[in-house]
Amino acid sequence: MSAKAQILYDFTAEPGNNELSVRQGETVTVLDQAVGGGWIEAKNSSGQTGLVPEGYLQVVAAGDGGGGVSVSGGGATDRWDDDDGEWDDDWDDQSEGCYRGDEEEGGGASARSSSTLGPSMLSLNKFAFHKGPSPEVFLLAKPPAGTRERLPVYIGEVGPVWLYPSSPLDCVIADPKRESKLYGLKSFIEYQITANTTHRPVTHRYKHFDWLYERLLDKFGCVLPIPSLPDKQVTGRFQQDFINLRMEQLQSWINRMSRHPVVSLSDVFTLFISYTDEKEWKAGKRKAERDETVGPMMFCLLEPEAPELDPEQVEHQCELYSRFTRSMEDGVRELLNVGHTHWKRCTGPLPKEYERIGLAFVNLSTVFTSSKYPGEETLTDALTFAGKTYEEIAEIVKQQPQKDLHFLLETNSEYKGLLGCFPDIMTVHKAAVEKVKESDRLIAAGKITNNEKKLMSRSISNMSYGLMAEMNHFHSNRIYDYNRVMQLYLEQQVAFYQQIADKLRGALSRFTTL
């Protein structure tokens, strides 16, 4: 059956590009999920068909419960071989929850926005600032008794920074294997993860990554951005191309987490990459699900080695940063749109143009040959060679986006997701700041004491240190990532045009100079 999709954003088709204009909230039918280059062929309720950016769709399998999933890749639907379905009982039948299996499968946390879907769909309810305890619960709280966790913040050359480990963590995902259970009725892909701290591989399925994502989101989501995993898959999850793509995306995700000084040293992440046996894994999993220092309570663990910050200065820096992230998000979206359009052209009309030029040369050569005029074999052979050269160039053009544009778009998609997390983080900080501003009224109402007001001021200062440490971490990673991906892109572009130039020189050498 064809999948249905809900449109997340307005999209206006460009004339002559075989695109389909859609409006937010509209429901369309997915016709072809394997167009490539970030595009999907769809049909609207009026029967019109065309291409729509895949990031503008939230797709639901026919007859499914409404969960948003990815649609990259094609092939037959493996409804029973579903590695992305509800949680398996045998994974940990003593789990105490927090992964909300059935109820979330239809559109809750598991129906997250991916890096291609823009702003995070994270609910602020996770932060307990809008429902449940007020911000003063955190602002007056102390770390739970017995916890050894602390989040030290230091003052570096650029301002507040996290404490970075002396040896960077590196994790490699490799060797995906198809496994099964229930006498083959249930199949899944299992990946090996090897950390440079242990040099010992552990195995995980996609839904184990999903569990880790939920834990990290619950624990750190209001302190730092947790990038989403690649989306769930409706069809073709056992096709090799899809497996390779998912492994690449999971590798990018775990690289991002490994490079973060807070996440990489957390107990739950360490457990995920280095557990020694099933017993340790299950015990650690249940401990993580009972963790009390999650959400806003993480701010209790912040320990900056510096005096309290000036609230006005913090507010000014937050405004500058918010303005920057909004502008960067606009720039990332523009680059993604341009990149997807260029990808579609490179895999569609542009190769066909080169093929038509090549065919015209070959046809002209055939006409010349029919004259039977003596001594023109060199010319006709050269024309034929030129025609074949343009056909080869068409194939080079068609394959090029996968060599350079792919990595540029993946990096921008990842940053689009990261940038979408910051408004929620800023909202949490702003809610706490507003509560501190109300401290005099709270004292007058008898809700807090003067000593508690001082504690609230110190707590919001610590919280601000953490926010600025994360800002600086984001900036340093941004500079590194864009330097790396642009170098790769331009190196591949140089090689691309050099290859075409070499082909054309070869064709030129076939023609004699009179």
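From a predicted model like this one, the values you see are computed outputs, not experimental measurements.

Colleague: Can you explain the overall build of the protein chain? Please cite residues and give values.
Modeller: When you go through the protein chain residue by residue, the secondary structure sums to 12 helices and 11 strands. In the protein chain, which comprises 514 residues, the proportion classed as buried is 48%. Of the contacts formed within the protein chain by residues at least 6 apart in sequence, a portion of 73% connects residues at least 24 apart. Accessible surface for the protein chain amounts to roughly 25,400 Å². Of this, 52% is attributable to carbon and sulfur atoms.

Colleague: So what's going on with the packing of aromatic side chains? Residues and values would help.
Modeller: Within the structure shown, the criterion is met by 15 aromatic pairs. Ring geometry for F361 versus Y390: centroids 5.6 Å apart, planes at 65 degrees, classification edge-to-face. With F361 in helix α8 (residues 349-369) and Y390 in helix α9 (residues 377-403), this pair connects stretches of sequence that are 29 residues apart. Given a relative accessible area of 21%, Y390 falls into the partly exposed group.

Colleague: Pulling in residues and values, what's your account of the confidence of the model for the protein chain?
Modeller: In low-pLDDT segments, the atomic positions of the prediction should not be examined closely. Across the protein chain, pLDDT averages 82, with 83% of residues at or above 70. Scored below 50 in pLDDT, residues 63-82 makes 62 contacts in the model with residues more than four places away or belonging to other chains. The low-confidence segment residues 85-133, where pLDDT is below 50, has 130 contacts with residues more than four positions distant or belonging to other chains.

Colleague: Quick rundown of the sheet that holds strand β8 (residues 171-181)? Include the residues and the values.
Modeller: Pairing is antiparallel across the open sheet formed by 3 strands, whose spatial order is β8-β9-β10. A single partner strand is all that each edge strand has here, and the edge strands are β8 and β10 (202-205). Adjacent strand axes in the sheet meet at a mean angle of 30 degrees when their direction is disregarded. Two strands pair when backbone bridges link them, and strand β9 (residues 186-195) and β10 are joined in this way by 4 bridges, in the antiparallel orientation. Paired with E190 across the two strands is R205, which belongs to β10. Its contacts with the sheet place helix α3 (residues 206-220) against β8, β9 and β10, and it is angled at close to 90 degrees to β10. Packed onto the sheet, helix α4 (residues 240-258) meets β8 and β9 and runs at close to 135 degrees relative to β8.

Colleague: Help me get a handle on the pairing of strand β4 (residues 49-53), residues and values and all.
Modeller: In terms of burial, β4 is a largely internal element, 4 of the 5 residues being buried. By the bridge criterion, 5 bridges tie strand β3 (residues 39-43) to β4 in an arrangement that is antiparallel. Note on β4: the bridge partner recorded for I40 is V52. Linking two consecutive strands that pair antiparallel, namely β3 and β4, is a turn of 5 residues; a positive phi of about 90 degrees is found at G47 within it.

Colleague: Tell me about the sheet that holds strand β6 (residues 151-156), residues and numbers included.
Modeller: Read across the sheet, 3 strands follow the order β7-β6-β11 without closing on themselves; strand pairing throughout is mixed. Of all the strands in the sheet, the pair left with one neighbour each is β7 (159-162) and β11 (302-304). Taken over all neighbouring pairs, the strand axes of this sheet differ in orientation by 35 degrees on average, direction set aside. Pairing analysis gives 3 bridges linking β6 to β11, with the strands arranged parallel. Residue pairing for β11: L151 is matched across the bridge by L302. Across the sheet, helix α12 (residues 450-508) lies against β6, β7 and β11, angled at about 80 degrees from β7, the strand it touches most.

Colleague: So what about the packing of helix α7 (residues 311-347) against α12? Which residues, and what values?
Modeller: Axes are the key here: two packed helices are described by the angle between their axes and the distance separating the axes. Here α7 crosses α12 at 30 degrees, and the two axes come no closer than 11 Å. When the axis of α7 is compared with that of α12, the two are roughly parallel. Between α7 and α12 the crossing geometry is left-handed. Between α7 and α12, the contacting residues are V314, Q317, C318, Y321, F324, M328 and V332 on the first element and S464, L467, M468, M471, F474, H475, R478 and Y482 on the second.

Quick notes on the rules
- Residues numbered from 1 in each chain as written.
- Predicted model: local features only at pLDDT ≥ 70, side-chain atom pairs only at ≥ 80, totals over all residues.
- Heavy atoms only, no water.
- Helix = DSSP H or I, 4+ residues; strand = E, 2+ residues; numbered from the N terminus.
- Buried < 20%, exposed > 50% of the residue type's maximum accessible area, 1.4 Å probe, protein only.
- Contact = heavy atoms within 4.5 Å.
- Areas by Shrake-Rupley, 256 points an atom, 1.4 Å probe, with all protein chains shown as cover.
- Phe/Tyr/Trp six-rings, centres within 6.5 Å; stacked < 30°, edge-to-face > 60°.
- pLDDT = per-residue confidence, 0-100.
- Pairing = 2+ DSSP bridges.
- Axes fitted to C-alpha atoms, helices over the stretch in contact; angles between N-to-C directions.
- Parallel < 35°, antiparallel > 145°, perpendicular 65-115°, else oblique.
- Left-handed = near helix turned anticlockwise from the far one by under 90°.

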